[in-house]
Structures are given as C-alpha cells and as structure tokens.
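This is what each chain is made of:
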Amino acid sequence: MMNKNTMKGKKILLWLGTPILSIAIVVFLLFQFTPWPSAMLIRYAFTKGGKAMNEALVKHTPNGITLIADQQYDLNDSDAFLDVYFPSTIANKDTILPVIVWIHGGGWVSGTKSEISNYYRILAAKGVVVVSIDYSIAPEKKYPTPIVQTNAALAFLKQHAKKFHINPSSFFLAGDSGGAQIAAQVANIISNAEYSQLMGISPSINRSELSGLLLYCGPYDAALADLKGQFGGFLKTVLWAYSGTKDFEKDPVFKRASVIDYIDANFPPAFISVGNDDPLASHSLNLAQKLKALKTPIDTLFFTADYKPLLPHEYQFNLDVDAGYIALDRSMMFVNKFKNSF
C-alpha cells in the first residue's frame, strides 16, 4: 500500500503534469496548423548566424565607402527601404558606375538589408555601386510580394540613378540563397514577356539595362525539394510560410517560383556558384546546365567533392578561406566583362 507521502507526491506530479501536457499539446498543434513557430525559430537562428558572419568580415572591410542609408523606394510600403554603397572618391562628382542590386537571403523568412553590410562595402570598393534592398519576409507577408518589391526598387534606382552614381544601362541583380531565387525570378520577368504576363508584373527596367546576374547558393527548382530528407522540416516550414499555404506543392501560383521551368534564351548572362557541401548544390548545377543548353552566357564557380575545406551554404561570405576570395574576384571579373556587353 502507498503511504500518505507517496500519494501526496503523485497528486503533485499529476497537478503539475496536467498544465505541462496541455502546453505541449498546444505547441504541437501550433506546429501542425501554422508555420509561425518554426519560422520564428529559423529566423532567430539565421539572424544570429548573419550577425556573426558580418562581424567576421570586419577585418576585411575597407575604408572610403559612402553609405546612403534607408532610402524608401516605395512610399506606400513600410518595408520598402534600401541602402546604397559607393566609393567615397566619386562623391560630389558626376561619375557613374555599374550597380549591383543585392537581395539578401534568409529562406524568405529572415534577413535584412544591413545584415551583411560589410560584404557590400567590400564589393563597392571594387569600383561599383552596391544597393542592398529590404523586402517583406514571411510569414508576415507572402509570395510574390518580394518579387513586386524588387521590381519597384529597380524603378526607383533607375529614376534616381544620377543621385546614387548609377549607370542606368548597367544593372546587375545579385542574391544569396532565397535572395538568389528572387533575383533569378525578377530577371526572368524582365527577360521573358510571356513570364511577365503570367506573373502579372510589368518589368520596371528594360532587358538592355540588365547586364547580368550574380547567383549564390539559390533554390531554383521546386522538383529538387526533398521534403522527406534531412532538411525536410526546414523546407516545409519556409515554403509553407512563403507561399501562404501548407499545400504549396499544388498551388499553381507558387509553382511559378520554380524559375528554372520558365527561363528561355533571352535570360541574362549569369555567374552561378555554390559550395561543395551545400544541400542546395543541385539547384545551381541544374540551372547552369539549362542555361548552357540555351546558349546563355554564363560563368560558374563550382568545387570538386574533395575540395577542402568543405564549403557550406553561403560559403562566399567567408573571406577567411581561399574560396571566399576566389568567389569575390570571379564575381567582379564577371561584372567587368558584362557591364557594357549588351
């Protein structure tokens, strides 16, 4: 028979356990019926990683870069701000330079225009204008909002090209991870009239003004999303959050985000790179293969399987390894090659 103390202890455990169990059930249900809890965890981790990455770039960051911050590119959109970086030597002059419009990564659920600000300064020191844009992230806002916003940012930059020392005939769209997907999709809207009509978005710059793309570590092909693999939970969360539907695989509107299925021979020249230990590597390899088949001018930076150190997702931001500097140099070689090529 149980003594009084044992019975009392069991009652206490039961009393404590009931609310804990209830909370556990609520949390479980939240994860089943909304992407918000998982998306917020991903955002927290990505934000922490981005901050550390930017801090690691401090020792590589040059002086002599002018920043014009927090320019609102759409007065009707509270998320629509951008930052402009250019060499201070051209301030107060009429000098114009090619512009790299960088769209940050973060799985469409995190990231800001200033998260990798030191990298933009490093790029600008190479003799270009660098623009980093903010766009609305999920699950607060849904696809295709970032596509519309990027298109609006290009219109704003074209209108204010002189103020920002931009050569309006030499735009380069650039992005990393989810930002690379956005860049590729906007480029296809500019390049492909049928796709532009399908998206219901009129391009804000002409194809002749889009000199090329810098695409790092992006996802371009929905067919390659392994929802049952090691990163299946992550993919389900971000795609659910970004599309706005748990059944995103059957959403005909979200299907258009798989840009590889819609590009044609008018797609702009592209520099494509990915690390050899990146779970999204097949996306970059397949995109490069398709563009080669279309005879689109491309340059690629891929690494053999035995390359050491192994290069993870977003390897290009690590300038403490040789591969990061190689990627930076190759990016600028590409820009210099195509800045006046159309």
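In the block above lies the structure referred to throughout.
Notes on the structure follow. (Residues numbered from 1 in each chain as written. Predicted model: local features only at pLDDT ≥ 70, side-chain atom pairs only at ≥ 80, totals over all residues. Heavy atoms only, no water.)

**A look at the environment of Phe303**
The residue Phe303 is located in the loop between strand S8 (298-301) and helix H9 (322-338) in this model. Note on Phe303: relative accessible area 15%, which makes it buried. As for Phe303 and Asp277, which are separated by 26 residues in sequence, their C-alpha atoms are 9.3 Å apart. In this structure, Phe303 is in contact with Ser273, Val274, Asn276, Leu311, Tyr315 and Ala323, ignoring residues within four places of it in sequence. (Helix = DSSP H or I, 4+ residues; strand = E, 2+ residues; numbered from the N terminus. Buried < 20%, exposed > 50% of the residue type's maximum accessible area, 1.4 Å probe, protein only. Contact = heavy atoms within 4.5 Å.)

**Topic: the pairing of strand S5 (residues 166-176)**
Burial within S5 is extensive, with nine of its eleven residues counted as buried. Here six bridges tie strand S3 (residues 97-103) to S5, and the two strands are oriented parallel to one another. Of the residues in S5, the one forming a bridge with Leu97 is Ile166. The sheet contact formed by S5 and strand S6 (residues 210-216) spans six bridges and is parallel. Among the inter-strand pairings, Gly175 is bridged to a residue of S6, identified as Leu215. (Pairing = 2+ DSSP bridges.)

**Side note on the sheet that holds strand S7 (residues 270-273)**
Pairing within the open sheet is mixed, and its eight strands lie in the order S1-S2-S4-S3-S5-S6-S7-S8. Strands with a single pairing partner mark the edges of an open sheet, and in this sheet they are strand S1 (65-72) and S8. Strand after strand, the sheet turns through a mean of 15° between neighbouring axes, direction not considered. In terms of strand pairing, strand S2 (residues 81-87) meets strand S4 (residues 129-133) through four bridges, oriented antiparallel. Paired with Val84 across the bridge in S4 is Val131. Sheet contacts for helix H3 (residues 117-124): S1, S2, S3 and S4; angle to S2, the most-contacted strand, approximately 40°. (Axes fitted to C-alpha atoms, helices over the stretch in contact; angles between N-to-C directions.)

**A few points about the nonpolar core**
Nonpolar side chains tend toward joint burial in soluble globular proteins. Ranked by size, the top nonpolar core spans 67 residues in total, and within it Val131 and Leu173 carry the most contacts. By residue number, the principal contributor to this core is helix H5 (residues 178-191), which donates eight residues. Residue contacts for Leu173: discarding those within four places in its chain leaves Val101, Ile103, Thr150, Leu154, Ala183, Val186, Ala187, Ile190, Leu210, Gly212, Leu213 and Leu214. Judged by nonpolar contacts, the second largest core, of 34 residues, contains Tyr216, Cys217, Ala323 and Phe338. (Core = buried A, V, L, I, M, F, W, Y, C linked by side-chain atoms within 4.5 Å.)

**What to know about the packing of helix H4 (residues 145-159) against H5**
H5 packs onto H4 with a crossing angle of 65° between their chain directions and a minimal axis gap of 10 Å. Here H4 runs over H5; the crossing is right-handed. For the pair H4 and H5, contact is made by Pro146, Ile147, Thr150 and Leu154 and by Ile182, Gln185, Val186, Ile189 and Ile190, respectively. Looking at the contact of H4 with H5, its residues break down into seven nonpolar, two polar and no charged. (Left-handed = near helix turned anticlockwise from the far one by under 90°. Nonpolar A, V, L, I, M, F, W, Y, C, P; charged D, E, K, R; others polar.)

**Description of the packing of helix H2 (residues 36-56) against helix H7 (residues 232-243)**
Where H2 meets H7, the closest approach of the two axes is 9 Å, and the angle between their N-to-C directions is 105°. Looking at the two axes, H2 sits roughly perpendicular to H7. Taking contact as the criterion, the partners of Ser38, Ala39, Ile42 and Phe46 in H2 are, on H7, Phe234, Thr237 and Val238. Tallied by class, the residues present in the contact of H2 with H7 amount to five nonpolar, two polar and no charged. (Parallel < 35°, antiparallel > 145°, perpendicular 65-115°, else oblique.)

**Side note on the environment of Asp226**
Summarising the element assignment, Asp226 is placed in the loop between S6 and H7. Sequence spacing of Asp226 and Pro279 is 53 residues, and the spatial spacing of their C-alpha atoms is 9.9 Å. Among the polar contacts listed, one links the side chain of Asp226 to the backbone nitrogen of Gly229, at a separation of 3.1 Å. (Polar contact = N/O pair within 3.5 Å; in protein donor to acceptor, adjacent residues only side chain to side chain.)

**Notes on the packing of aromatic side chains**
The full count for this structure, using the stated rule, is 20 aromatic pairs. An angle of 5° between the planes, with centres 4.9 Å apart, marks the rings of Trp108 and Tyr242 as stacked. With a gap of 134 residues between them, Trp108 in the loop between S3 and H3 and Tyr242 in helix H7 connect regions that are remote in the sequence. Tyr242 shares its class with Trp108; the two are buried. The interplanar angle of 55° and the centroid separation of 4.9 Å between the aromatic rings of Phe303 and Tyr307 together place this pair among those described as tilted. By relative accessible area, which is 23% here, Tyr307 ends up partly exposed. (Phe/Tyr/Trp six-rings, centres within 6.5 Å; stacked < 30°, edge-to-face > 60°.)

**Re the side chain of Asp77**
Relative to the elements of secondary structure, Asp77 occurs in the loop between S1 and S2. At 5.0 Å, Lys141 is the nearest oppositely charged side chain to Asp77, a buried residue that forms no salt bridge. If we ignore the near neighbours within four places in the chain, the residues touching Asp77 are Gln72 and Gln149. (Lys, Arg positive; Asp, Glu negative; His and termini not counted. Salt bridge = Lys/Arg side-chain N within 4 Å of Asp/Glu carboxyl O.)

**With respect to the pattern of salt bridges**
Going through the model one piece at a time under the given rule, you end up with seven salt bridges. Its salt-bridge partner being Lys113, residue Asp70 comes within 2.7 Å of it at the nearest N-O pair. Of the two residues, Asp70 is situated in strand S1 and Lys113 in the loop between S3 and H3; the sequence distance between them amounts to 43 residues. A salt bridge links Lys158 to Glu209, with the nearest nitrogen and oxygen atoms 3.1 Å apart.

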